[in-house]
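The chain contents come next:
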Amino acid sequence: MLMAHSFPEEVLEHVFSFIRSEKDRNAISLVCKSWYEIERWCRHRLFIGNCYAVSPRITIRRFPELRSVSLKGKPHFADFNLVPQGWGGNVYPWVAAMAQAYPWLEELRLKRMVVTDDTLELISRSFKNFKVLVLSSCEGFTTDGLAAIAANCRNLRELDLRESEVDDPSGNWLSHFPESCTSLVSLSFACLEGEVSFSALERLVGRCTNLKTLRLNQAVPLDKLPNLLRRAPQLVDLGTGVYSAEVRPELYSKLAGAFLGCKELKSLSGFWEVLPAYLPAIYPVCAGLTSLNLSYATIQGPDLIKLVSQCQSLQRLWVLDYIEDNGLDTLAASCKDLQELRVFPSDPYSAEPNVSLTEQGLVSVSEGCPKLQSVLYFCRQMSNAALLTIARNRPNMTRFRLCIIEPQAPDYLTLQPLDAGFGAIVEHCNNLRRLSLSGLLTDRVFEYIGTHGKKLEMLSLAFAGDGDLGLHNVLSGCKSLRKLEIRDCPFGDKALLANALKLETMRSLWMSSCSVSFGACKLLGQKMQRLNVEVIDERGPPDSRPDNCSVERLYVYRSVAGPRLDKPNFVWTMDEDFALKLS
Amino acid sequence: MSLCLFESVISRPYIYKAKVAALILSLRPQFATMGKATHSSSSSIDSSKHPTLSSASSSLYHQSKTNTDLSSDLRLGLTLSTSTSLLPDTLSNSDSREPSTDWPPVKPPQRNTVAEKGNNRQRPIFFVKVYMEGVPIGRKLDLFAHHSYDGLIATLAHMFSITILYPNMDRVHSDKDHVLTYEDKEGDWMMVGDVPWEMFLTTVKRLQITRADRC
């Protein structure tokens, strides 16, 4: 205790300024009261993984000097339409509170939140030094809101609209960047559908000499690309627009010349509608690419192979399953620095395979790429043997998400469940942090996961398991578990109630189409004061059905903010007052 | 009625084909309304036999050791009762299923772009005329259907039943062989094979096969 008083505050503050990681900052604040005080006054960045876990008021009270705030709203399964429209996650209350408390806020990063034009307008007017706006998978705004940001944020450095849903009524938002704006470093509007003014875009790109990231949308035709590239040869990250046009030699040579001039390019994406004849224009930059996103590119195997075989520095590849097994063989042979691979299905809804992509492709990559640690793989068949091979090849795997398209598909060779295969993954990959399972799985796989998945932080389950024992093994065994999302599994009340305390150590638990009864939800909510136990049910109030009736969806998360005040009419919080709030 | 149908399925564990799923799922309405059991509504079939579903907590730990046949029908039953999101009716057609909006877990932007194009695989096409010297009627060939000179040469050789020479070919040529030439955008006639394939595609207008001794 004496040590804490022997350093003046300024010294401690200076020391703390070298500590950037959230976890370490949190640890510092627990040492003693004076460190807590000093730390909270000099914390400038905050990440809130669940916007309902804490309130704006509590946040502001504790951290008066924030410059950068990140917030996440809806649960991850909202990406797949499992969370009904109107569930929540509106960021306005946060922005309104921060407008008062943090006039010097510089950065706002939001994921899966509802953002309105009014909110964007408020942001643009309240924060004089606003620099970074990232809206990832957000919705609720139009390009009018973007126009306000463009017009009013004088020092804007980054505007990134990843995969957000944006209405585009006027299409003129880009022209609202004043001629004096030269500060942009990153501009990404790939998710927008409407056209932008090309002349405004060219002028903007031309005067922002520090522009490093430019991701265009589908409405930017290929013949506009050479001019843009010539104005921004310093680009590091490019998202093309449409990559197809009539075959015209002069366009080809302009394009090839423009790419030749971009010596710093490390990342390419976009590639909607690719005409393979134009692909060689990017060959000069391939050797330097570390990231390539072809997940919208309907390029066939041979062209993909030609492209990928030139990208020897590739660290990240996102691609459609047109790459097929032999394309992945090429990848394994050519790209020895590969760390992350995502293979998406080109035809997810057909029962029959349309491409020759099997488990073999993933096995090849696991053999050939020693640094491979992150995988998202959609396929139509898998075997325990393949999973075992992958596990043995890549014990350094940290994220493994496998989606076998047919639910509950067994090992196609033996017709057995895939328990042993996934068991091998968790057993050999000691640093596994994220895992998504699919295929035919019994409770056995959860035994393995509970036993070996000690570093597992996020687990996603669908159509798996036999009963409560499975869930119990996961909740009691996975010491590091933070997020658990489950759909269509026969898990019920017992495991949930037996592991109620565990839920307080996690960020959240999502269960939909399982067998959790309303009675159990009520019990959980009443007993665990620091959890918000929310029943999401579109069939009407849960108490209009018997206590042992299963709820449609359950979302449990720890919170110091108490029950949500902004619930829609299909969400109920189970707490002591619930019984009194009968509709 | 429901038990008999179930028993016919029990004898084939781990079946997941669409037809069987459709059969089971056609029984779904009955189970959905049985809100009684805490674990799942399939317990109404087998709770008397299956240890898992009894309320004694110790039974949880026996489950993994007991007979597999019941656990398979249990799984099938549980699939039935708990999956509200698989579209049951459309599964009966095993050729293609109506897109369920929540499985497989693909995000909307990807889904929209790809599902439209996925089944069609519409490739762009580029037909050029091909004449054989001395033959007045020409043929047409889609250059985009090939990915390299090798493929093109092979197709032409087959189409015209001849042998075609091209640069860097390892062969002593005889008078009977042919060479492949093309007219470029500038109107000049060039040997096929000198420039990279992709560049060739941007300049070729038509092809001609001539006798080797003419070149």
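Residues numbered from 1 in each chain as written. Chains lettered and ligands numbered in written order. Predicted model: local features only at pLDDT ≥ 70, side-chain atom pairs only at ≥ 80, totals over all residues. Heavy atoms only, no water.

Going by what an unreviewed UniProt entry lists, chain B is known as Auxin-responsive protein and is assigned to Protea cynaroides. Under the UniProt heading Sequence similarities (unreviewed entry), the entry covering chain B gives this text: "Belongs to the Aux/IAA family." As stated in UniProt under Subunit (unreviewed entry), the record for chain B gives "Homodimers and heterodimers." (UniProt positions renumbered as here; feature names shortened; annotations may be inferred.)

If you check an unreviewed UniProt entry, chain A appears there as F-box domain-containing protein from Protea cynaroides. Quoted verbatim from the Pathway (unreviewed entry) heading of the UniProt record, the comment on chain A is "Protein modification; protein ubiquitination."

Enquirer: In this structure, what is going on with the overall build of chain B? I would like to understand it.
Expert: Assigned secondary structure in chain B consists of 8 helices and 6 strands. Counting from the amino terminus, helix and strand elements in chain B follow one another as α-α-α-α-α-α-β-β-α-β-β-β-α-β. Out of the 215 residues belonging to chain B, those deemed buried represent 42%. When the accessible surface of chain B is totalled, it reaches about 11,900 Å², and 54% of it is carbon and sulfur. (Helix = DSSP H or I, 4+ residues; strand = E, 2+ residues; numbered from the N terminus. Buried < 20%, exposed > 50% of the residue type's maximum accessible area, 1.4 Å probe, protein only. Areas by Shrake-Rupley, 256 points an atom, 1.4 Å probe, with all protein chains shown as cover.)

Enquirer: Is there a simple way to explain the overall build of chain A in this structure?
Expert: Scanning chain A from terminus to terminus reveals 22 helices and 23 strands. Put simply, chain A has 583 residues, and 61% of those count as buried. Partitioning the intrachain contacts of chain A with sequence separation of at least 6 by distance along the chain shows that 70% fall at a separation of at least 24. When the accessible surface of chain A is totalled, it reaches about 22,100 Å², and 51% of it is carbon and sulfur. Separation of charge centres in chain A, based on 65 positive and 66 negative side chains, amounts to 7 Å. (Contact = heavy atoms within 4.5 Å. Lys, Arg positive; Asp, Glu negative; His and termini not counted. Charge placed at Lys NZ, Arg CZ, Asp CG, Glu CD.)

Enquirer: Sorry if this is basic, but what is going on with the UniProt feature "domain: F-box" (unreviewed entry) in chain A here?
Expert: The feature "domain: F-box" (unreviewed entry), as given by UniProt, occupies residues 7-48 of chain A in the numbering adopted here. Along residues 7-48 of chain A the backbone is 60% helical and 10% strand, and the end-to-end C-alpha distance reaches 31 Å.

Enquirer: Is there a simple way to explain the pattern of salt bridges in this structure?
Expert: Opposite charge on two side chains permits pairing when their charged atoms draw close. All names here are of chain A. The final tally for this structure, using the stated rule, is 36 salt bridges over all chains. Here E107 makes a salt bridge to R45, at a shortest N to O gap of 2.9 Å. In this pair, E107 is assigned in strand β3 (residues 107-111) and R45 in strand β1 (residues 45-48), connecting sequence segments 62 residues apart. You can call R45 partly exposed: its relative accessible area is 42%. A salt bridge links E179 to R207; the nearest nitrogen and oxygen atoms lie 3.3 Å apart. Separated by 28 residues along the polypeptide, E179 in the loop between β7 (165-167) and β8 (186-188) and R207 in helix α9 (residues 198-207) bring together distant segments of the chain. Residues joined by salt bridges that share partners form a network here, namely D537, E538, R539, R545, E552 and R553. (Salt bridge = Lys/Arg side-chain N within 4 Å of Asp/Glu carboxyl O.)

Enquirer: I tried to follow the environment of L484(A) on my own but got confused; where do I start?
Expert: Residues and elements named next belong to chain A. Tracing the sequence through the fold places L484 in strand β19 (residues 483-487). The buried category is assigned to L484, whose relative accessible area is 1%. L484 sits 290 residues away from G194 along the chain, and the two C-alpha atoms are 37 Å apart. In this structure L484 touches L459, L461, L471, V474, L475, M506, S508, L509 and W510, once residues within four positions along its chain are discounted.

Enquirer: Teacher, can you tell me more about the layout of surface pockets here?
Expert: In this approach the atoms are scanned with a rolling probe the size of a water molecule, which exposes any empty space left behind. Residue and element names in this part refer to chain A. Size it by volume and the second largest pocket reaches roughly 1,100 Å³. In terms of lining residues, the second largest pocket is bounded by 25 residues, among which N26, F47, I48, A53 and R558 are the most central. Within the residue set of the lining of the second largest pocket, elements represented by two or more residues are α3 (22-29), β1 and α5 (56-62). The element best represented in the lining of the second largest pocket is α3, accounting for 4 residues. Across the lining of the second largest pocket, the residue classes break down as 11 nonpolar, 6 polar and 8 charged. (1 Å grid on protein atoms, 1.4 Å probe; cavity = no way out; pocket = protein on both sides within 12 Å on 5 of 7 lines; lining within 4 Å. Points joined across faces, edges and corners; volume = space filled by probe spheres on them. Nonpolar A, V, L, I, M, F, W, Y, C, P; charged D, E, K, R; others polar.)

Enquirer: Would you mind showing me how to read a nonpolar patch on the surface here?
Expert: Taken together, F7(A), V11(A) and V15(A) make up a surface patch of nonpolar side chains, about 240 Å² in accessible area. Along the chain, V15(A) falls in helix α2 (residues 9-16). (Patch = residues over 30% accessible without salt bridge, like charges linked within 9 Å, V, L, I, M, F, W, Y side chains within 5 Å.)

Enquirer: Explain unusual backbone geometry to me, please; I cannot follow it from the model alone.
Expert: The omega torsion of the bond from W103(B) to P104(B) falls at -5°, within 30 degrees of zero and hence cis. At R112(A), a residue that is not glycine, the phi angle is positive and equals roughly 50°. Within the secondary structure, R112(A) is located in the loop between β3 and α7 (117-126). The class for R112(A) is buried, based on a relative accessible area of 9%.

Enquirer: How should the pairing of β3(A) be read in this particular structure?
Expert: Both faces of the sheet carry side chains from a regular strand, because those side chains alternate between them. All names here are of chain A. With 5 bridges joining them, strand β2 (residues 68-72) and β3 adopt parallel strand pairing. Its bridge partner lying in β3, S68 is registered against E107. At this point the chain moves from β2, through helix α6 (residues 92-101), to the parallel β3, and the crossover so formed is right-handed. Where β3 meets strand β4 (residues 132-136), 5 bridges bridge the pair, whose relative direction is parallel. Counted as the bridge partner of L110 is L135 from β4. The β-α-β motif built from β3, the intervening α7 and the parallel element β4 has right-handed crossover chirality. (Pairing = 2+ DSSP bridges. Right-handed = clockwise from strand over helix to strand, strands pointing away.)

Enquirer: Explain the nonpolar core here, please?
Expert: Nonpolar side chains in soluble globular proteins generally cluster together in the buried interior. Among the nonpolar cores identified, the biggest contains 218 residues, and W173(A), Y243(A), F259(A), F400(A), I449(A), L484(A) and L207(B) are the most heavily contacted of them. The dominant element in this core, judged by the number of residues it contributes, is helix α11 (residues 249-260) of chain A, at 6 residues. Once residues within four sequence positions are removed from consideration, F259(A) is found in contact with L225(A), L229(A), L238(A), Y243(A), L265(A), L268(A), A281(A), I282(A) and V285(A). (Core = buried A, V, L, I, M, F, W, Y, C linked by side-chain atoms within 4.5 Å.)

Enquirer: What's the story with helix α13 (residues 301-308) of chain A in this structure? I'm lost.
Expert: Because each turn of an α-helix spans 3.6 residues, side chains separated by three or four positions end up pointing in the same direction. Residues and elements named next belong to chain A. Three or more residues of α13 are buried, namely G301, D303, L304, L307 and V308. What you see down the axis of α13 is that its buried residues fit within an arc of 165°, all on one side. The inward-facing, buried residues of α13 abut α12 (283-286), β12 (291-294), β13 (316-320) and α14 (324-334). (Arc of directions from axis to C-beta.)

Enquirer: Whenever I open this one, the pairing of β12(A) confuses me. Can you help?
Expert: Residue and element names in this part refer to chain A. Burial of β12 is two-sided: the residues S291 and N293 facing one way and the residues L292 and L294 facing the other way are all buried. Two strands pair when backbone bridges link them, and strand β11 (residues 267-269) and β12 are joined in this way by 2 bridges, in the parallel orientation. By the bridge assignment for β12, L268 is matched with L292. Bridge count between β12 and β13: 4 bridges; the pairing is parallel. Its bridge partner lying in β13, S291 is registered against R316.

Enquirer: Would you mind showing me how to read the packing of helix α16 (residues 384-393) of chain A against helix α17 (residues 419-428) of chain A here?
Expert: What describes two packed helices is the angle between their axes and the distance between those same axes. Residues and elements named next belong to chain A. Relative to each other, α16 and α17 sit at 5°, their axes nearing to 7 Å. Looking at the two axes, α16 sits roughly parallel to α17. Facing α16, whose interface residues are N384, L387, L388, I390, A391 and R392, α17 presents D419, A420, G421, F422, A424, I425 and H428. (Axes fitted to C-alpha atoms, helices over the stretch in contact; angles between N-to-C directions. Parallel < 35°, antiparallel > 145°, perpendicular 65-115°, else oblique.)

Enquirer: Explain the environment of W173(A) to me, please; I cannot follow it from the model alone.
Expert: By secondary structure assignment, the location of W173(A) is in the loop between β7 and β8. Once residues within four sequence positions are removed from consideration, W173(A) is found in contact with T143(A), L146(A), A147(A), A150(A), L159(A), L187(A), F189(A), L192(A) and V196(A).

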